[in-house]
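One-letter residues, chain by chain:
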Amino acid sequence: LKVDELWKLITETVEKDKSRPKLLEQVFENTTAAGVKYFTRMALNQMRLNVGLGTMTRSIAKAFDVSANAVEHLYAMTNDIGLAAVQARKGEKALEHTGIILFHPYQFMNVQKIEDADLIISQSKSSSKNWILETKYDGVRLQIHIQKHPWKVTLFSRRLKDDTGSMPDVVE
């Protein structure tokens with residue numbers, strides 16, 4: 001997919017109020033992993049196409065006939081939508097072999113406030129999703145990735161940026 005073709009697709013989609021998921025499917029089917037990565041950044045952050053991450057992952061799934069949940073899971077574990085598209089192109093099995101990788105930040109969970117802790121149990125029974133819990137203390141939310149041999153510590157901020165240099169006391 002060339003830049004001028006992409007521009008034409010986007011312009012036509014916006015001006016004629018065409019299906020945004022269909023636009024995404026066309027882009028994902030006709031570009032490289034790097035192309036998907038940069039297009040996604042543009043769509044989510046700059047172009048205001050009214051496309052959210054859910055639409056993005058569902059479109060990748062539909063383009064390659066795989067599970068949207070598997071695409072979303074891979075993205076959450078790797079923070080790389082381009083990789084999610086490449087693996088989706090390979091098929092469902094390629095999406096299954098994913099997990100957290102040391103020194104590659106994963107997406108933080110979104111907080112959902114509830115008043116009664118007993119509701120967590122009752123709500124989880126009706127959910128088909130697995131649960132992972134994070135403890136949130138007052139202050140900074142960090143991911144701390146530690147390798148023992150050779151010793152290496154990297155701190156990732158909530159925005160998934162390497163924040164190691166700003167907190168040497170935590171690293172020690």
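See above for the structure.
What counts, and at which threshold
Residues numbered from 1 in each chain as written. Predicted model: local features only at pLDDT ≥ 70, side-chain atom pairs only at ≥ 80, totals over all residues. Heavy atoms only, no water. Core = buried A, V, L, I, M, F, W, Y, C linked by side-chain atoms within 4.5 Å. Buried < 20%, exposed > 50% of the residue type's maximum accessible area, 1.4 Å probe, protein only. Helix = DSSP H or I, 4+ residues; strand = E, 2+ residues; numbered from the N terminus. Contact = heavy atoms within 4.5 Å. Patch = residues over 30% accessible without salt bridge, like charges linked within 9 Å, V, L, I, M, F, W, Y side chains within 5 Å. Areas by Shrake-Rupley, 256 points an atom, 1.4 Å probe, with all protein chains shown as cover. Salt bridge = Lys/Arg side-chain N within 4 Å of Asp/Glu carboxyl O. Phe/Tyr/Trp six-rings, centres within 6.5 Å; stacked < 30°, edge-to-face > 60°. Lys NZ or Arg CZ within 6 Å of the ring centre and 35° of its normal.

J.: Got a minute to help me understand the nonpolar core in this structure?
T.: Soluble globular proteins tend to pack their nonpolar side chains together in the buried interior. With 25 residues, the main nonpolar core has F28, F39, I60, V71, A88 and L95 as its most contacted residues. Residue contributions to this core peak at five residues, all from helix α4 (residues 53-64). Sequence-distant contacts of I60, that is, excluding residues within four places in its chain, are made with F28, V71, I81, A84, A85 and A88.

J.: It is not clear to me how a nonpolar patch on the surface should be interpreted in this structure. Could you clarify?
T.: A cluster of nonpolar side chains, namely I144, I146, W151 and V170, defines an oily patch on the protein surface of about 410 Å² accessible area. Within the secondary structure layout, I144 lies in strand β1 (residues 143-147).

J.: Looking at this model, I keep getting lost on the packing of aromatic side chains. Mind explaining?
T.: The way to describe two aromatic rings as a pair is by their centre distance and the angle between their planes. A complete count under the given rule lists zero aromatic pairs for this structure. Sitting over the ring of F103, K152 keeps its end group 4.2 Å from the ring centre.

J.: Would you explain the environment of R159 in this entry?
T.: Within the fold, R159 resides in the loop between β2 (152-156) and α9 (168-171). The spatial distance from the C-alpha of R159 to the C-alpha of Y106 is 9.9 Å, given a sequence separation of 53 residues.

J.: Is there a simple way to explain unusual backbone geometry in this structure?
T.: If a residue is not glycine, its phi is most likely negative; likewise, a peptide bond is most likely trans. The omega torsion of the bond from H149 to P150 falls at -10 degrees, within 30 degrees of zero and hence cis. For P150, the position within the fold is in the loop between β1 and β2. Of note, the phi angle at F103 is positive, near 70 degrees, even though the residue is not glycine. Mapped onto the secondary structure, F103 falls in the loop between α7 (92-96) and α8 (118-125). With phi around 70 degrees, L160 is a residue other than glycine that occupies positive phi space. Mapped onto the secondary structure, L160 falls in the loop between β2 and α9. Of the residues examined, L160 reaches a relative accessible area of 14% and is grouped as buried.

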